[in-house]
Amino acid sequence: MASVEKLLEIMVRLRDPQGGCPWDLEQTFETIAPYTIEEAYEVEDAISRADWSALPGELGDLLLQVVFHAQMAQEEGKFGFAEVVEAICEKLVRRHPHVFGEASEVRTAADQTEAWEAMKARERQAEGGPGSALDGVPMGLPALTRAHKLQSRARRAGFRWPGASESRGKLEGEVRELRDAVAGGDAVRILDELGDVFFSCTSAAGELGIDPETAVRAANAKFDARFRRMEAELAGRGEELSSKSPDELIRLWNELKSGD
């Protein structure tokens, strides 16, 4: 707790109009929000690379974002860091009645996820009436992640394709519609149909029990590694990418791919 108090004191000093940091003093909730998102991604990146020596620093950067927002709120008389901590403590206790209350035992992580989402839905209804099963999915999420969350909510509400094969059939249909749009040359329709393809890919992933964000990150990593191997292969020959034609690069790419 002494370390947390030290961090809070540092933040107060940085935001002090008399002798504080000019950059920190200029910041607002809106200007800091992008950094908060960026720091969360850097935490995820350190975990994905199993870089445990870097993770404490990345988690510290993320914690700083919480402290920064809380300090700005404190200055405006809205709330402070203590209220942030109390809010999450209260929520964790409330949403784990099988641990802290008298609810029946939850045996699996899947059961807990279902119970957690059901409780969130009840809370949303209590706050503003019936609402929608899709309420509370943040607009600011990356589009792929938001599509996944919207579809997960819809499935829990009972709206889903009968099975993974039907979902994949829907994807194939969207690809055909995109092909037709491209043939027609209508840029607006192409954009619309391409969006439907991405959305259907996400739906198919959900029906297969796959997180689409994880799948795309794996594809990114694979592309990154293979492209770097292609660069290294050419460098070993004393050649550069710019010296090769697209056809030559594709042939080399396929050669490397076949060796994976």
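This is a predicted model, so every value here is computed, not measured. (Residues numbered from 1 in each chain as written. Predicted model: local features only at pLDDT ≥ 70, side-chain atom pairs only at ≥ 80, totals over all residues. Heavy atoms only, no water.)

1. Details of helix α11 (residues 212–236)
- Its 25 residues give α11 an end-to-end C-alpha distance of 36 Å, which sits within 8% of 36 Å, the value for a rise of 1.5 Å per residue.
- Listed in full, the buried residues belonging to α11 are Pro 212, Glu 213, Arg 226, Met 230 and Leu 234.
- Here the buried face of α11 lies against α8 (143–156), α10 (187–207) and α12 (246–258).
- Where α11 ends, the next residue or the one after it, Gly 238, has phi of about 75°, a positive value. (Helix = DSSP H or I, 4+ residues; strand = E, 2+ residues; numbered from the N terminus. Expected span 1.5 Å × (residues − 1). Buried < 20%, exposed > 50% of the residue type's maximum accessible area, 1.4 Å probe, protein only. Contact = heavy atoms within 4.5 Å.)

2. A word on the packing of helix α3 (residues 29–48) against helix α4 (residues 55–75)
- Running from N to C, α3 and α4 point in directions that differ by 160°, and their axes come no closer than 8 Å. Classed by the angle they form, the pair α3 and α4 counts as roughly antiparallel. Every pair of crossing elements has a handedness; the one defined by α3 and α4 is left-handed. Together, Phe 29, Ile 32, Ala 33, Tyr 35, Thr 36, Glu 39, Ala 40, Glu 42, Val 43, Ala 46 and Ile 47 of α3 and Leu 55, Glu 58, Leu 59, Asp 61, Leu 62, Gln 65, Phe 68, His 69, Met 72 and Ala 73 of α4 make up the contact between the two elements. (Axes fitted to C-alpha atoms, helices over the stretch in contact; angles between N-to-C directions. Parallel < 35°, antiparallel > 145°, perpendicular 65-115°, else oblique. Left-handed = near helix turned anticlockwise from the far one by under 90°.)

3. Regarding the environment of Val 197
- Note that Val 197 resides in helix α10.
- Judged by its relative accessible area of 10%, Val 197 falls in the buried class.
- Through-space distance from the C-alpha of Val 197 to that of Leu 92 is 37 Å; in sequence the pair is 105 residues apart.
- Once residues within four sequence positions are removed from consideration, Val 197 is found in contact with Leu 171, Glu 174, Val 175 and Leu 178.

4. Let's talk about unusual backbone geometry
- Its identity as a non-glycine residue notwithstanding, Ala 50 has a phi of 55°, on the positive side.
- Following the sequence through the fold, Ala 50 ends up in the loop between α3 and α4.
- For Ala 50, a relative accessible area of 42% puts it in the partly exposed group.

5. Structural notes on the packing of aromatic side chains
- A complete count under the given rule lists three aromatic pairs for this structure.
- Judged by centre distance (5.8 Å) and plane angle (25°), the ring pair of Phe 223 and Phe 227 falls under stacked. Here Phe 227 and Phe 223 lie together in helix α11, a separation of four residues that amounts to about one turn.
- A residue is classified by how much of its surface remains accessible, and Phe 223, at 46% relative accessible area, is partly exposed.
- A relative accessible area of 27% places Phe 227 in the partly exposed class.
- Between the aromatic rings of Phe 223 and Trp 253, the centroid separation amounts to 5.2 Å while the plane-to-plane angle is 45°, which identifies the pairing as tilted. Here Phe 223 is found in helix α11, whereas its partner Trp 253 is found in helix α12, with 30 residues between them in sequence.
- Classification of Trp 253 as buried rests on a relative accessible area of 17%.
- Pairwise contacts between aromatic rings join Phe 223, Phe 227 and Trp 253 into one cluster. (Phe/Tyr/Trp six-rings, centres within 6.5 Å; stacked < 30°, edge-to-face > 60°.)

6. Some thoughts on the pattern of salt bridges
- As enumerated under the stated definition, the model contains 13 salt bridges in all.
- Taking the shortest distance from any N to any O, the salt bridge between Glu 44 and Arg 217 comes out at 3.0 Å. Of this pair, Glu 44 sits in helix α3 while Arg 217 sits in helix α11; the two residues are 173 residues apart in sequence, bridging distant segments of the chain.
- Judged by its relative accessible area of 28%, Glu 44 falls in the partly exposed class.
- Here Arg 94 and Glu 90 are joined by a salt bridge, their closest N and O atoms 2.3 Å apart. Taken as a pair, Arg 94 and Glu 90 lie in helix α5 (residues 81–94) at a separation of four residues, close to a single helical turn.
- Using a relative accessible area of 39% as the deciding quantity, one classes Glu 90 as partly exposed.
- Connected through salt bridges with shared partners, the residues Glu 233, Arg 237, Glu 239 and Lys 244 form a single ionic network. (Salt bridge = Lys/Arg side-chain N within 4 Å of Asp/Glu carboxyl O.)

The values reported here are purely geometric and, on their own, carry no functional implication.
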